Amino acid sequence: MSDLHIELTAPNGRKYTQPTGLFINNEWVKSSDGRKITSINPTDESEITSVYAAGASDIDLAVASARNAFNDPSWRDLSPTDRGNMIIVLSDLVAKHAATLATIETWDNGKSYIDSLGDVAEVQGVLKYYGGYADKIHGQVIDTGPNKLAYTIKEPVGVCGQIIPWNFPLAMASWKLGPALACGNTVVIKAAEQTPLSILYLAQLVKEAGFPPGVVNIVNGYGREAGAAIATHPGIDKVAFTGSTATGKEIMKMAAANMKNITLETGGKSPLLVFEDADVEQAVKWAHIGIMSNQGQICTATSRILVQDSIYDSFIAAFKKHVQKVSVVGDPFAETTFQGPQVTKSQYDSVLAYIQAGKDEGATLVSGGEVFTNGPTPSKGFFITPAIFTDVKPNMKIYREEVFGPFVVIATFTSEEEALKMANDTIYGLGSAVFTKDITRAHRVARRIEAGMVWINSSNDSDYRVPFGGVKQSGIGRELGEAGMAGYTQTKAVHVNIGLMI
Ligand code: NAD
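This structure is a prediction, so every number in the text was calculated from the model and none was measured.

Participant: I tried to follow the packing of aromatic side chains on my own but got confused; where do I start?
Facilitator: Applying the stated rule across the entire model yields 15 aromatic pairs. Note on Tyr-113 and Phe-333: the rings are 5.9 Å apart at their centroids and 35 degrees apart in plane angle, and the pair reads as tilted. One end of the pair, Tyr-113, is in helix 5 (residues 113-133); the other, Phe-333, is in the loop between helix 11 (312-326) and helix 12 (345-361), and 220 residues separate them in sequence. With relative accessibility at 18%, the residue Phe-333 sits in the buried group. A centroid spacing of 5.2 Å and a plane angle of 65 degrees characterise the contact between Phe-275 and Phe-413, whose relative ring orientation is edge-to-face. Note that Phe-275 is positioned in the loop between strand 14 (271-274) and helix 10 (280-292) and Phe-413 in strand 18 (residues 407-413), a separation of 138 residues in sequence. Like Phe-275, the residue Phe-413 is buried in the burial classification.

Participant: For this particular structure, what's the right way to read the site of the ligand?
Facilitator: In the neighbourhood of the ligand, 29 residues make up the surrounding shell, with Ile-164, Trp-166, Glu-193, Thr-266 and Glu-402 lying closest. One of the side-chain N or O atoms of Glu-193 is found 2.6 Å from an oxygen atom in the ligand. Between the ligand and Glu-402, the relevant distance is 2.6 Å, taken from an oxygen atom to a side-chain nitrogen or oxygen of the residue. Across the complex, the protein chains shield 91% of the 840 Å² of accessible surface that the ligand would expose by itself. At the level of secondary structure, the elements contributing two or more residues to the shell around the ligand comprise helix 8 (223-232), strand 12 (238-242) and helix 9 (245-255). Each of two domains, domain 1 (54-265 + 476-488) and domain 2 (269-462), supplies a minimum of three residues to the shell around the ligand.

Participant: Please clarify how the pattern of salt bridges should be interpreted in this entry.
Facilitator: Summed over the entire model, instances satisfying the criterion amount to 22 salt bridges. Across the pair Arg-224 and Glu-250 runs a salt bridge whose closest N-O atoms are separated by 3.3 Å. Residue Arg-224 is found in helix 8, and its partner Glu-250 is found in helix 9; the two are separated by 26 residues along the sequence. By relative accessible area, Glu-250 is classed as partly exposed at 31%. A salt bridge links Glu-281 to Lys-285; its shortest N-O distance comes to 3.7 Å. Residue Glu-281 and its partner Lys-285 are both found in helix 10; the two are separated by four residues, about one turn of the helix. A relative accessible area of 36% means that Lys-285 is categorised as partly exposed.

Participant: Is there a simple way to think about the domain arrangement of the protein chain in this case?
Facilitator: Interface size is commonly expressed as the accessible surface area that is lost when the partners come together. The domain boundaries assigned to the protein chain delineate domain 1 (54-265 + 476-488) and domain 2 (269-462). Taken together, the contact between domain 1 and domain 2 spans 19 residues of the former and 19 residues of the latter. At the junction of domain 1 with domain 2, the criterion picks out zero salt bridges. Along the contact surface separating domain 1 from domain 2 lie four residue pairs in polar contact (both at pLDDT 80 or more). Where the side of domain 1 that touches domain 2 is concerned, the elements lending two or more residues are helix 4 (98-109) and helix 5. No other element matches helix 4, which puts four residues into the side of domain 1 that touches domain 2. In terms of residue class, the side of domain 1 that touches domain 2 is made up of seven nonpolar, nine polar and three charged.

Participant: Help me understand the sheet that holds strand 17 (residues 387-390) in this model?
Facilitator: Within a sheet, neighbouring strands are paired by backbone hydrogen bonds and run either parallel or antiparallel to one another. Strand order across the open sheet formed by seven strands is 16-17-18-15-14-19-20, with mixed pairing between neighbours. Strands with a single pairing partner mark the edges of an open sheet, and in this sheet they are strand 16 (364-367) and strand 20 (455-456). Where strand 14 lies against strand 19 (residues 433-435), three bridges are found, and the strand directions are parallel. When the bridges of strand 19 are listed, Leu-272 appears paired with Ala-433. Contacting strand 14, strand 15 (304-308), strand 17, strand 18 and strand 19, helix 10 crosses the sheet at an angle of about 135 degrees to strand 18.

Participant: Sorry if this is basic, but what is going on with empty space enclosed by the protein here?
Facilitator: The gaps left among the atoms become clear once a water-sized probe is rolled over them. Counted under the stated rule, the structure contains two cavities of 30 Å³ or more. What the largest cavity holds in volume is close to 70 Å³. If you go around the largest cavity, you meet 13 residues; those closest to its centre are Ala-301, Ser-303, Glu-402, Val-403 and Phe-404. The residue inventory of the lining of the largest cavity, partitioned by class, reads seven nonpolar, four polar and two charged. Taken together, the residues of the lining of the second largest cavity break down into six nonpolar, four polar and three charged.

Definitions and limits used
Along each chain, residue indices are assigned from 1 in the same order as the chain's sequence is written. Local features in this predicted model are restricted to residues of pLDDT 70 or higher, and side-chain atom pairs are both shown and tallied only at a pLDDT of 80 or more, whereas totals for entire chains, interfaces and linings draw on every residue. No hydrogens and no water enter the side-chain calculation; it runs on all heavy atoms of the structure. Two rings belonging to Phe, Tyr or Trp (six-membered ring only in the last case) form a pair when the distance between their centres is within 6.5 Å. Interplanar angles under 30 degrees mark stacking, angles over 60 mark edge-to-face geometry, and anything in between is tilted. Secondary structure elements follow DSSP: runs of H or I of four or more residues count as helices, runs of E of two or more count as strands, with numbering from the N terminus. Each residue's exposure class comes from its accessible area (1.4 Å probe, protein chains only) as a fraction of the maximum for that residue type: buried when under 20%, exposed when over 50%, partly exposed otherwise. Working definition: residue near molecule or strand if any one of its non-hydrogen atoms lies within 4 Å of it. For the purposes of these results, a polar contact is taken to be a pair of N or O atoms within 3.5 Å, where, inside protein, one atom must be able to donate a hydrogen and its partner to accept one; residues adjacent in sequence count only when each atom of the pair is a side-chain atom. All accessible-area figures derive from a Shrake-Rupley calculation using a 1.4 Å probe, and residue coverage is judged against the displayed protein chains alone. Domain delimitation follows an automatic or database domain assignment. The rule for a salt bridge is simple: a side-chain nitrogen of Lys or Arg has to be within 4 Å of a carboxyl oxygen of Asp or Glu. When checking whether two residues touch, look at their non-hydrogen atoms; a contact exists if any pair is within 4.5 Å. Side-chain classes follow a simple rule in which Ala, Val, Leu, Ile, Met, Phe, Trp, Tyr, Cys and Pro form the nonpolar group, Asp, Glu, Lys and Arg form the charged group, and the remainder, Gly included, forms the polar group. Strands were regarded as paired on the criterion that DSSP finds at least two bridges between them. Angles shown run from 0 to 180 degrees and are taken between the N-to-C directions of axes, each axis being a line fitted to C-alpha atoms and, for helices, limited to the stretch in contact. A cavity here means a set of points on a 1 Å grid, drawn over the protein atoms and nothing else, where a 1.4 Å probe fits but cannot get out; a pocket is an open set with protein on both sides within 12 Å along at least five of seven lines, and a residue lines either one if it has an atom within 4 Å of a point. Grid points are joined across faces, edges and corners, and a volume is the space filled by probe spheres set on the points.

Right, dumping it as structure tokens:
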């Protein structure tokens, strides 16, 4: 066995073979300069393994392979039904390997094993959904009069560069691969350097599912090298990115070089509004899920809770009690754990810095916000107890900036008008949640909130059949649902003259 595959035993005892190379043209290769990324277990800070990191010349190879595959009859002329079936076979393989995929995800990312199993189930669902869509992508016949026939064809965009983050490595890969492949594109996808492992295991399944060489190329690499090489590459027709708003803006500039089609899913500071007529017990439970799930590392996390003043104190008391009871911090492989470590030392340091900023700004830390040293290896790992800040004012940094951790701010409002003003007072517009029993108010508020998604009496209730994405600086375009395919097709208009020129 070369160093392109390595035998590993995960902390839960599962043994498996971890690929470590770049997956280009259905083959495992080393990076041209031999550079690697070392993956760190955030639970105990140990090294898991190292994988090859692509540089610009490796991206050139991956793009050439994707271009050849795009033009090759084995993919180009495959019937949409056969293409869809291939994606469904991949979905079935993901189900078969669910335990290994979830193990790798938890080991590399730190999320609880139960959550990782949920992510893998989502991958399976997303792929099956888009596999089923592949032969239902139709153009139109447009009536332009008796002497003309006009119709449209939905064509693939071409070679798609896809750049994904570390918070849901497998799920984010599926959100991008599913629609791209269903529409007949070919792909070069890059995982985040913080979580390089699970996607390589997925690559093996891509090959097993029978995709022709070059249709799916999967690489690891650093953002400023491999990521930038994808965003600028003249051979790439589209770039789809999920990550921070700052990087999204850089991608837009880089993609301008050859006017790439772009889709961006970026940051958020999503509000959750609790009106005095809400079912407070339900609001408390969903507010907890909405911010503390996945260690708070969710772009749609409802990280700003806005509560009507008449129920502010009772909400805070109930929320604090619930978070302390349910947000059990610890070993992500333990069944009782709700919250594992932050993904990296740098994220951990960043969240701790926000906790300090909150204290310095004069907000009140009513619960958590401490370093947790009681993990599986005492004094190791990037654990933080879930932080709740109250007495937060809209001008505070912790109210305005995305923290991306188990960190929530709670502020108060008096009227619906003020609640909307506060909810919309942000550069972001990703998720939003409204708790009220008044159906009229619920829909009125949903229409006026500036966000790509509104949850009424829930939070972060994502579903792959429903479009996902943001407005303002939270992104451009949509993923998931039928809308998720719009970014992966282009419309060709064909005009047929069936009359005679007189
Ligand atoms: P990031 O933007 O630094 O990295 C995301 C990806 O972009 C990684 O693969 C990285 O390697 C790559 N990248 C980084 N710099 C690049 C560059 N200059 N050129 C090309 N590629 C580059 O983000 P992060 O810190 O890893 O992730 C956290 C952020 O992502 C949060 O702000 C969060 O809101 C956002 N996020 C958004 C969504 C969404 O759907 N809207 C989902 C998950 C995460």
